[in-house]
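# Close look at the chain arrangement
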Amino acid sequence: MSRTLHLNVFIHGRGHHEAAWRHPRGTSASLTDIGYYEQIARIAERGKFDSVFFADHLTLGKDVAHSARGGLEPLTTLAALAQRTEHIGLIATASSTYTEPYNLARQFASLDHISNGRVGWNIVTSWLKGAAANYGDTGQIDHDERYRRAFEYLDVVTKLWDSWADDARVDDPDSGVYVDFDRVRPTAHHGTYYHVEGALNIPRSPQGYPVLVQAGSSDAGRQFAATYAEAVFTAHLEQATAVEFRTDLRRRAAALGRDPEQLAVLPGLSPAIGSTEAEAKRLWTELNELTVPEVGLAHLSARFAGADFSHLPLDERLSPDDLPDPATVQGAQSRAELIHGLVRRERPTLRALLHTLAGGRGHYITAGTPEQIADVVEEWFRNRAADGFNIMPPILPAVLEDFVDQVVPELQRRGLFRREYTADTLRGHYGLSRPENRFFGEPGLPREQTAV
């Protein structure tokens, strides 16, 4: 087939289920031990995954009292993993709200050099309420304002990556010329939010610039993704909404003059795998029985900008009226809408909702044999609900090993997934073009400041 399935592994604590650290299959490895992340990256590389992916939070949540959190900072982690892996892509989250554009551009350009072109940047606008207080601000920046800043931020950062021509570094001792300074341009950006004058102080990186990844699904997030993103991580509980989301993103990208084929949509998938479906489902039951309701309530509160749900009975059915209107949420609006929709459709008890969110936080959860998991992947892929998946193992590294050893061979047998790496860079894994330089050639992405 002409389309190629993409697989990333989303590394999150000791697994994506909040009780993974308490399960017998869970690991006791420290979340500050680089060897733990190296183990996961090597397993994923053995499975020929496109990349490993690290999310990030800029605040310490209260859930740390009862769930395994508090891992390494993502960018420094990628630098270490770049030296301990050979092929797999390395994606890290960094905030456009709380990081200076020059610092971020320099860090990711360095990582792309260190990894020989295997790095991607997951762009977030930092919706957690507590993050503002950690960065000197007295209040949370509202949703639309964060995206207005993000559009300009991306304009600045990509200008910085474009400030060196590919051939600017001459490095000719005989002539005494190290850099042809005519091939280096000042950024000279003076906008609403940012003023950045100089060129970047590091040459253009192997990929031109890192793969641009994004995870927002609100209207503002979709427009941002259509303008800049090359891979989009998204959450869907139903195949139909995933089809609508992918179709809408591709339409928006085409309207901006982009090739929609240069935008991969990758929903989250959290699978439990067993020799029988009953065995796989038992894993979810075991994990849910180990949850602490206070942790789930804290997560639910964070999704609705700090709303208090502790007064609601755990075993009574919820009504949509029990949740704030997602449109009023100044955090991740798309995830709040997803949860609100689930309650509207299914009317679960609060306990059941917390169990659903405990394993996937709004992403698609499934259980089955390797063949059944492969069926889900193939159906979503062939129905164009997804270009691949962000695999979110409920327990790490155990369930990732299950997926690599049992599901990947089935996907390969069906001709859906690669048997060997055929590219050296993350752009190559995704089939993405190398962006041309706006200062020294035609731009590869639209640069218009799209109003939100």
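Above: the structure in question.
Bear in mind that the values here come from a model prediction, so they are computed numbers and not experimental data. (Residues numbered from 1 in each chain as written. Predicted model: local features only at pLDDT ≥ 70, side-chain atom pairs only at ≥ 80, totals over all residues. Heavy atoms only, no water.)

## Concerning the nonpolar core
Formed by 84 residues in total, the largest nonpolar core has its most connected members in Leu 7, Phe 49, Trp 121, Trp 161, Phe 403 and Leu 411. The residues contacting Leu 7, other than those within four sequence positions of it, are Phe 49, Asp 50, Ser 51, Phe 389, Ile 391, Phe 403, Val 408, Leu 411 and Phe 417. Leu 312, Leu 342, Leu 350 and Leu 354 belong to the second largest nonpolar core, which has 19 residues in total. (Core = buried A, V, L, I, M, F, W, Y, C linked by side-chain atoms within 4.5 Å. Buried < 20%, exposed > 50% of the residue type's maximum accessible area, 1.4 Å probe, protein only. Contact = heavy atoms within 4.5 Å.)

## Focus on the pattern of salt bridges
All told, the structure shown has 33 salt bridges when counted by the stated rule. In this structure, Arg 42 and Glu 38 form a salt bridge, with 2.9 Å as the shortest nitrogen-oxygen distance. In this pair, Arg 42 and Glu 38 are both assigned in helix α1 (residues 34-46), four residues apart and thus about one turn of the helix distant. Residue Glu 38 is classed as buried on the basis of its relative accessible area of 16%. When the shortest N-O distance is used, the salt bridge between Glu 230 and Arg 427 registers 2.7 Å. Highlighted residues: Glu 230 in the loop between α6 (219-228) and β10 (231-234) and Arg 427 in helix α14 (residues 426-430), separated in sequence by 197 residues. The burial state of Glu 230 is the same as that of Arg 427; both residues are buried. Through salt bridges with shared partners, a single ionic network connects Asp 155, Lys 159, Asp 162, Asp 166, Arg 204, Arg 434 and Arg 438. (Salt bridge = Lys/Arg side-chain N within 4 Å of Asp/Glu carboxyl O. Helix = DSSP H or I, 4+ residues; strand = E, 2+ residues; numbered from the N terminus.)

## Structural notes on the side chain of Arg 14
By the element assignment, Arg 14 lies in the loop between β1 (6-11) and α1. One buried charge, Arg 14, has no salt-bridge partner; the nearest side chain with opposite charge is Asp 33, at 9.3 Å. Sequence-distant contacts of Arg 14, that is, excluding residues within four places in its chain, are made with Ala 20, Trp 21, Thr 27, Ser 28, Ala 29, Ser 30, Leu 31, Tyr 36, Ala 68, Ile 395 and Leu 396. (Lys, Arg positive; Asp, Glu negative; His and termini not counted.)

## Overview of helix α7 (residues 239-255)
An ideal rise of 1.5 Å per residue puts 24 Å on 17 residues; α7 measures up with 24 Å between its terminal C-alpha atoms. Taken together, the buried positions of α7 are occupied by Gln 239, Ala 242, Phe 245, Arg 246, Asp 248, Leu 249, Arg 250, Arg 252 and Ala 253. Positive backbone phi, approximately 85 degrees, marks Gly 257, located one or two places after α7. (Expected span 1.5 Å × (residues − 1).)

## Some remarks on the packing of aromatic side chains
Within a pair of aromatic rings, the relevant descriptors are the distance that separates the centres and the angle that separates the planes. One pass over the full model with this rule turns up 19 aromatic pairs. Ring centres of Phe 53 and Phe 233 lie 4.6 Å apart, and the angle between their planes is 65 degrees; this geometry places the pair in the edge-to-face category. In this pair, Phe 53 sits in strand β2 (residues 51-54) while Phe 233 sits in strand β10, placing the two residues 180 residues apart along the sequence. What makes Phe 53 buried here is its relative accessible area of 3%. (Phe/Tyr/Trp six-rings, centres within 6.5 Å; stacked < 30°, edge-to-face > 60°.)

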